[in-house]
Amino acid sequence: MAAEKQPARKKIESTGQMMKIMSEYFYDLNDAAAASDRKVAWCTSVGPAELLRAMGFAVHFPENHAAMLGATRMATELIPEANTIGYSPDICSYLTADIGAHLKGISPLARAYPGIEAPPRPDVLVYNTNQCRDVQDWFSWYAREFDVPCIGITSPKNFTDVSEILVDDVTRQIEALIPTLEEVSGQSLDMARLRETVALSRECTELWRQVLETAMAVPAPLTFFDGTIHMGPAVVLRGTRQAVDYYRQLLAELQQRIADGSGAVDDEQYRIYWEGMPVWGRLRQHSELFARLNVSVLVSTYCSSWIFPDFDPEEPIRSMARAYLGLFIVRSDAYKEQYIKQMLEKFRIDGIIYHDAKTCPCNSNSRYGMPQRLERETGIPSLVISGDLNDLRCVSDEQTVTNVEAFIEQLEERKDHA
Amino acid sequence: MTRPVFIGLDMGASRTKVVVIDDQGALLGHAVKKSGIDFAATAAICLDDALLRAGAGRSDIGGAMATGYGRSNVTFVTSRSKTEISCHARGCFHSFPEAQTIIDIGGQDNKIIKLDAAGRRQGFKMNRKCAAGTGAFLEEMSARLDIPLQEMNNLARRATEMIKIGSYCTVFSATEVLESIRHGKPVADIIKGIFYSMIQRVLEMDSLTEKVVLCGGVVAHNPYLVEMTEEMIGRSVLLPEYPQLTGAIGAALFAREDAEN
Ligand code: SF4
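The name given to chain B in an unreviewed UniProt entry is ATPase, with the source organism recorded as Geothermobacter hydrogeniphilus. UniProt's Cofactor (unreviewed entry) comment on chain B is quoted here verbatim: "[4Fe-4S] cluster".

Named according to an unreviewed UniProt entry, chain A is 2-hydroxyglutaryl-CoA dehydratase originating from Geothermobacter hydrogeniphilus. Taken directly from UniProt, the Sequence similarities (unreviewed entry) text for chain A runs: "Belongs to the FldB/FldC dehydratase alpha/beta subunit family."

Have a look at this one:
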């Protein structure tokens, strides 16, 4: 029998440093929750984290916690807990997994970080609906549970251009958060500190972009699967010095890989764009599946969503509004298609895989004919796989493998005939 | 035998198919068995059976490829395996060398595969994780109605009307069927509705372009499905000589090509 090749998984050396700063971040959060002089804010992943950090809050990101529940495969067991209290299995499985974990009193943080039992208790919850409405419901549930204020931004959606009218709107909404935050934190907003935080966010974002763009090299030195892990600091430590230092180190390592001609996947034959969320509980299997097929999944909408070129310390609040509105997920299909087309060219992509995540319609761009339109316009073939970010009951491994293998065979056929 | 033979094995979730072809691509023998629970043993039995019918022995094998759900359990292959999508495409194109849309209705999966005039794949769709439109759906209905699978085809043909089934879901469809029985509807009309719903679910997966080729075990055993498809899409469809074997034939053709290279 033709033996299946076992892929070599190439370790990124900087991972150790990332684990260290993530661990420091979680312990700091835990300490803040216990201290009387520091307040804890919960924030959505592209919520006004800069404002919260500048006002001295320790910031917890429930989406990050939910992704950990997915990656540790705890989520599928916990989702039904939230289902029983009225949260449908059809809504965001980050939400249901996270609330389920709270109801059961368990957390992956407790496993990974001895001494931490659970996410820190919030003093305030701050959302931005630029992703979806689910975040607002999710945070409202906790606000009732902990009896603390829940405030946020109701973002405009589906626009092609970030017009000044929209920026005005979100700017005013951010400004309107300040009095409540000042009351909860007991501090008034220090504009110099906000400028500094915005500058650090900008720097972090710029380095993260450079990290992701190393994948333009052939072979690509990092994959989407590496990206989902290494974006951790860009998500939870945006606006801090640690994140900036970390991405400098990671970037240097990846540049060295390029200089050495060392690809993340052995003998890279095909280059794939991943549209949608990762299947957190299957990161390893998926990364091995593609590596076995000599395929680099090297760029994605998801990881690239933490690039915010609009942050500007000269104009902190307004530029925050602009950055939060610039997010891919909140834009129109016309914008999204244009963006993806540029990425396909820039990263020399052979095929696109759309992950249709059952419980996250906002991050699944395969439902309104986009794959067909882009395929027609670019000639680059696409595949849609059904799955989910956290709920493994929606994932069929056999179907995924057959679909992916058949797709790569299709690309091979094109190459043979070229 | 002096000339080598080539083996294609398609191990589906429900049936295992083995074909033996010669170096010109002609079918010499084949065997089909339930895949069961011991895939390796079923594959071996099927292989020997097909070789016997082909008048060949294991020492005559010039190349062998496995495809399908259980392909990694097969030990006698010589070629790197390919998915059933590629093998069905190759098998159908062998029968009909022209641009086509292939509809494969299997025990567990449905596939729609599009090929251009050179046999190159333009794209494909597999059903989602759901039995709607598959052989498993038909089996479920036959069990519910307590009518052997083999009789369903003839009964459907006798229908004078059709009771449509609306649901996506096999279990809900069964409830709809039970409801029709309660209302005293003729069984033949219900079965026709079951067939109609199967085809409908498959047709919803993708558009049909160029010639339409039907294949898969379910089609092989239910010729009425073919007629009904033609009626529903308003044009004739092509049917390979052995609709259940196209995947295995494709695998054998690939094995032959691999041996030549
Ligand atoms: S964007 Fe998707 S994953 Fe994120 S919170 Fe909304 S529904 Fe959940």
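Moving on, there is more to tell.
The next point concerns the overall build of chain A. When you go through chain A residue by residue, the secondary structure sums to 18 helices and 8 strands. Scaling as 2.2 N^0.38, a compact globule of 418 residues should have a C-alpha radius of gyration of about 22 Å, and chain A matches this with 21 Å. Out of the 418 residues belonging to chain A, those deemed buried represent 60%. Across chain A, contacts joining residues at least 24 apart in sequence account for 79% of those joining residues at least 6 apart. If the 42 positive side-chain charges of chain A are averaged to one point and the 59 negative ones to another, these points end up 1 Å apart.

Quick look at the sheet that holds strand β4 (residues 150-153) of chain A now. All names here are of chain A. Read from one edge to the other, the open sheet built from 4 strands follows the order β2-β1-β3-β4, with strand pairing classed as parallel. Both outer strands of the open sheet, β2 (58-60) and β4, are each paired with one neighbouring strand and no more. When the angles between neighbouring strand axes are averaged without regard to direction, this sheet yields 25°. Pairing analysis gives 3 bridges linking strand β1 (residues 40-43) to strand β3 (residues 124-128), with the strands arranged parallel. Following the sheet pairing, C43 is matched in β3 by V126. Across the sheet, helix α7 (residues 134-146) touches β1, β3 and β4, and the angle it forms with β3 is around 170°.

The topology assignment puts R121 of chain B in strand β7 (residues 121-126). A polar atom in the side chain of R121 of chain B sits 2.8 Å from the backbone oxygen of A406 of chain A. Of note is the side chain of R121 of chain B, whose polar atom sits 2.8 Å from the side chain of S86 of chain B. Among residues more than four places away in sequence, those in contact with R121 of chain B are A406, F407, E409, Q410 and E413 of chain A together with I85, S86, I113, K114 and L115 of chain B.

As a further point, take empty space enclosed by the protein. Using a probe with the size of a water molecule, rolled over the atoms, empty space left in the structure can be pinpointed. Residue and element names in this part refer to chain A. Enumeration according to the criterion identifies 1 cavity of 30 Å³ or more in this entry. Taken as a whole, the largest cavity spans an internal volume of roughly 50 Å³. Around the largest cavity, the lining residues are L212, F224, L298, V299, S300, C303 and S304. Counting only elements with at least two residues in the lining of the largest cavity, the list comes to β6 (295-300) and α14 (301-304). With 3 residues, the top contributor of residues to the lining of the largest cavity is β6. Residues belonging to the lining of the largest cavity are distributed by class as follows: 5 nonpolar, 2 polar and no charged.

Another point: the side chain of E409 of chain A. Within the secondary structure layout, E409 of chain A lies in helix α18 (residues 397-417). Not counting chain neighbours up to four residues away, the residues in contact with E409 of chain A comprise S81, K82, T83, S86 and R121 of chain B.

Here the focus is the packing of helix α9 (residues 191-213) of chain A against helix α15 (residues 316-326) of chain A. All names here are of chain A. Between α9 and α15, the least distance of the axes is 10 Å, while the angle of their chain directions is 35°. α9 and α15 meet at a crossing whose hand is left-handed. For the pair α9 and α15, contact is made by M191, L194, R195 and V198 and by P316, I317, S319 and M320, respectively. Partitioned by chemical class, the residues of the contact of α9 with α15 number 6 nonpolar, 1 polar and 1 charged.

Residues and elements named next belong to chain A. That bond from V218 to P219 is cis: its omega, -5°, falls within 30 degrees of zero. For P219, the location among the structural elements is in the loop between α9 and α10 (224-230). Even without being a glycine, D147 presents a positive backbone phi close to 55°. Inspection of the secondary structure assignment puts D147 in the loop between α7 and β4. Positioned with a positive phi, R348 is a non-glycine residue whose angle comes to about 50°. Secondary-structure assignment places R348 in the loop between α16 (333-346) and β7 (351-357).

The subject of this paragraph is the sheet that holds strand β5 (residues 270-275) of chain A. All names here are of chain A. The 4 strands are arranged β6-β5-β7-β8 in an open sheet whose pairing can be described as parallel. The open sheet has two edge strands, β6 and β8 (382-387), and neither has a second partner. Going across the sheet, the axis of each strand differs from the next one's by a mean of 30°, ignoring polarity. Pairing geometry for β5 and β6, over 5 bridges, is parallel. By the bridge assignment for β6, I272 is matched with V297.

Turning our eyes to something else, we now look at the packing of aromatic side chains. Residue and element names in this part refer to chain A. Across all of its chains, the model carries 24 aromatic pairs over all chains by this definition. Measuring from ring centre to ring centre gives 5.1 Å for F26 and Y113, while their planes differ by 35°; the resulting arrangement is tilted. Here F26 is found in helix α1 (residues 15-34), whereas its partner Y113 is found in the loop between α6 (108-112) and β3, with 87 residues between them in sequence. Residue F26 is classed as buried on the basis of its relative accessible area of 4%. Where W42 meets Y142, the ring centres are 4.8 Å apart and the plane angle is 70°; that geometry is what we call edge-to-face. On the criterion of sequence distance, the pair formed by W42 in strand β1 and Y142 in helix α7 is long-range, its members being 100 residues apart. Owing to a relative accessible area of 3%, W42 belongs among the buried residues under this scheme.

Bringing the interface of chain B and chain A into the picture now. Opposite the 27 residues of chain B that make contact, chain A presents 22 residues. In this assembly, chain B packs against chain A so that about 2,000 Å² is buried in total across both faces, 47% of it on carbon and sulfur atoms. Taken together, chain B and chain A are joined by 3 salt bridges. The partner of R121 of chain B in a salt bridge is E409 of chain A, with the nearest N and O atoms 4.0 Å apart. Here chain B is connected to chain A by 7 residue pairs in polar contact (both at pLDDT 80 or more). Where the side of chain B that touches chain A is concerned, the elements lending two or more residues are α2 (84-95) and β7 of chain B. In terms of residues, the side of chain B that touches chain A owes the most to one element, β7 of chain B, which gives 6 residues. Of the residues contributing to the side of chain B that touches chain A, the split by class is 7 nonpolar, 10 polar and 10 charged.

Residue and element names in this part refer to chain A. Listed in full, the buried residues belonging to helix α17 (residues 370-378) are M370, P371 and L374. Along α17, the residues classed as buried sweep out an arc of 95° about the axis, all on the same side. As for α17, its buried residues are in contact with α16, β7 and β8. Phi for G379, located one or two positions after α17, is positive at around 75°.

Each value, and the rule that gives it
Residues numbered from 1 in each chain as written. Chains lettered and ligands numbered in written order. Predicted model: local features only at pLDDT ≥ 70, side-chain atom pairs only at ≥ 80, totals over all residues. Heavy atoms only, no water. UniProt positions renumbered as here; feature names shortened; annotations may be inferred. Helix = DSSP H or I, 4+ residues; strand = E, 2+ residues; numbered from the N terminus. Rg over C-alpha atoms; globule rule 2.2 N^0.38 Å. Buried < 20%, exposed > 50% of the residue type's maximum accessible area, 1.4 Å probe, protein only. Contact = heavy atoms within 4.5 Å. Lys, Arg positive; Asp, Glu negative; His and termini not counted. Charge placed at Lys NZ, Arg CZ, Asp CG, Glu CD. Pairing = 2+ DSSP bridges. Axes fitted to C-alpha atoms, helices over the stretch in contact; angles between N-to-C directions. Polar contact = N/O pair within 3.5 Å; in protein donor to acceptor, adjacent residues only side chain to side chain. 1 Å grid on protein atoms, 1.4 Å probe; cavity = no way out; pocket = protein on both sides within 12 Å on 5 of 7 lines; lining within 4 Å. Points joined across faces, edges and corners; volume = space filled by probe spheres on them. Nonpolar A, V, L, I, M, F, W, Y, C, P; charged D, E, K, R; others polar. Left-handed = near helix turned anticlockwise from the far one by under 90°. Phe/Tyr/Trp six-rings, centres within 6.5 Å; stacked < 30°, edge-to-face > 60°. Buried area = accessible area lost by both parts, 1.4 Å probe. Salt bridge = Lys/Arg side-chain N within 4 Å of Asp/Glu carboxyl O. Arc of directions from axis to C-beta.

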